[in-house]
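# Structural overview for review
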Amino acid sequence: MRTIPIPVDTSKLQFTCVKAARPRLVNKDTGEIKRDKNGNIVYEVTVSVEDDFGRLELLKIGTSVEPDITPGDEVTPVNLVGYVWEQTIQGASRWGIAYRATDFVRATSGMPAGVA
């Protein structure tokens, strides 16, 4: 299967960091950390995503830059793309979408500076 990046329009979605960035593991038994094609550690950030209709999803988004965000921060993933994946293990097929961003930035609250 060829992996073609699918751009995600984030303009109508709200992202909230649920779990801080941590290195993604290739193998939980050995503790091997996933690295990108340039040898950088791939970090995994868990976010909740809400659309205009109030629907919520939890996503894990990979990035090669350790983002400076903490749980509870409203964030915007930069250059978010999805990749369809498929695997067959012992005759059982599974598939899904893996998400990747180049970075994360804190979303602006839209409140005036003196209000809090």
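Residues numbered from 1 in each chain as written. Predicted model: local features only at pLDDT ≥ 70, side-chain atom pairs only at ≥ 80, totals over all residues. Heavy atoms only, no water.

## Brief notes about the overall build of the chain
This is how the line gets drawn: Strands here mean DSSP runs of E at least two residues long; helices mean DSSP runs of H or I at least four residues long; both are numbered from the N terminus. Between two residues, a contact is recorded if the distance between any of their heavy atoms is within 4.5 Å. Only the protein chains shown count as covering a residue, and every accessible area follows the Shrake-Rupley method with a 1.4 Å probe. Counted as positive: Lys and Arg. Counted as negative: Asp and Glu. His and the chain ends are not counted at all. Every charge is mapped to an atom, namely NZ of Lys, CZ of Arg, CG of Asp or CD of Glu.
Looking only at helices and strands, the chain has zero helices and ten strands in total. Principal-axis analysis of the C-alpha atoms places the extent of the chain at approximately 60 × 30 × 25 Å. In the chain, the share of contacts with a sequence separation of at least 24, taken over all contacts with a separation of at least 6, comes to 57%. Of the accessible surface of the chain, which amounts to about 8400 Å², a share of 51% is contributed by carbon and sulfur atoms. The average position of the 14 basic charges and that of the 15 acidic charges among the side chains of the chain differ by 6 Å.

## Observations regarding the side chain of D73
Threshold: A 1.4 Å probe rolled over the protein chains alone gives each residue an accessible area, and that area as a share of the maximum for its type sets the label: buried under 20%, exposed over 50%, partly exposed in between. Polar contact is defined as a pair of N or O atoms within 3.5 Å, subject to the rule that within protein one atom must be able to donate a hydrogen and the other to accept it, and that residues adjacent in sequence are counted only when both atoms are side-chain atoms.
Relative to the helices and strands, D73 resides in the loop between β6 (56–63) and β7 (74–78). Owing to a relative accessible area of 16%, D73 belongs among the buried residues under this scheme. Side-chain polar atoms of D73 contact the side chain of R106, separated by 3.1 Å. What D73 contacts, discounting residues up to four positions off in sequence, is F15, T16, C17 and R106.

## Description of the layout of surface pockets
What counts here: Two kinds of site are reported from a 1 Å grid over the protein atoms alone, namely cavities, where a 1.4 Å probe fits but cannot get out, and pockets, open sets with protein on both sides within 12 Å along at least five of seven lines, and residues are called lining when an atom falls within 4 Å of a point. Grid points are joined across faces, edges and corners, and a volume is the space filled by probe spheres set on the points. Residue polarity follows a fixed list, in which Ala, Val, Leu, Ile, Met, Phe, Trp, Tyr, Cys and Pro are nonpolar, Asp, Glu, Lys and Arg are charged, and the others, Gly among them, are polar.
By volume, the largest pocket is sized at about 850 Å³. R24, K34, W85, A98 and Y99 are the residues nearest the centre of the largest pocket, which is lined by 21 residues in total. Counting only elements with at least two residues in the lining of the largest pocket, the list comes to β6, β8 (81–89) and β9 (92–100). Of the residues that constitute the lining of the largest pocket, the class distribution is nine nonpolar, three polar and nine charged.

## Describing unusual backbone geometry
Of note, the phi angle at N79 is positive, near 55 degrees, even though the residue is not glycine. By the element assignment, N79 lies in the loop between β7 and β8. The phi torsion at Q90 lies on the positive side, around 50 degrees, for a residue other than glycine.

## Considerations on the confidence of the model for the chain
Filter applied, for reference: Along the chain, pLDDT gives the predictor's confidence residue by residue, from 0 to 100.
Taken as a whole, the chain shows an average pLDDT of 89; of its residues, 91% reach a score of 70 or greater. The model gives residues 111–116 a pLDDT under 50, and that stretch makes zero contacts with residues more than four places away or in other chains.

## Section: the nonpolar core
Note the threshold: In this description, a nonpolar core means a group of buried Ala, Val, Leu, Ile, Met, Phe, Trp, Tyr and Cys residues linked to one another through side-chain atoms lying within 4.5 Å.
By size, the foremost hydrophobic cluster in this structure holds 14 residues, and its most contacted members are F15, V45, V47, I61, I69, V75 and F104. For V45, the contacting residues outside a window of four places in its chain are C17, K19, A21, L59, K60, I61, P67, I69 and F104.

## Here we look at the pairing of strand β5 (residues 43–50)
Cut-off, in case you're wondering: Any two strands with at least two DSSP bridges between them are considered paired.
Most of β5 is tucked away: seven of the eight residues are buried. Bridge count between strand β2 (residues 14–23) and β5: seven bridges; the pairing is antiparallel. Among the inter-strand pairings, F15 is bridged to a residue of β5, identified as V49. Alignment of β5 against β6, held across eight bridges, turns out to be antiparallel. Pairing of V49 across the sheet is with E57, part of β6. In this structure, the hairpin formed by β5 and β6 is closed by a connection of five residues, where G54 is found at a positive phi of approximately 85 degrees.

## What to know about the pairing of β8
Pairing geometry for strand β1 (residues 6–7) and β8, over two bridges, is antiparallel. Within β8, the position partnered with I6 by the bridge is G82.

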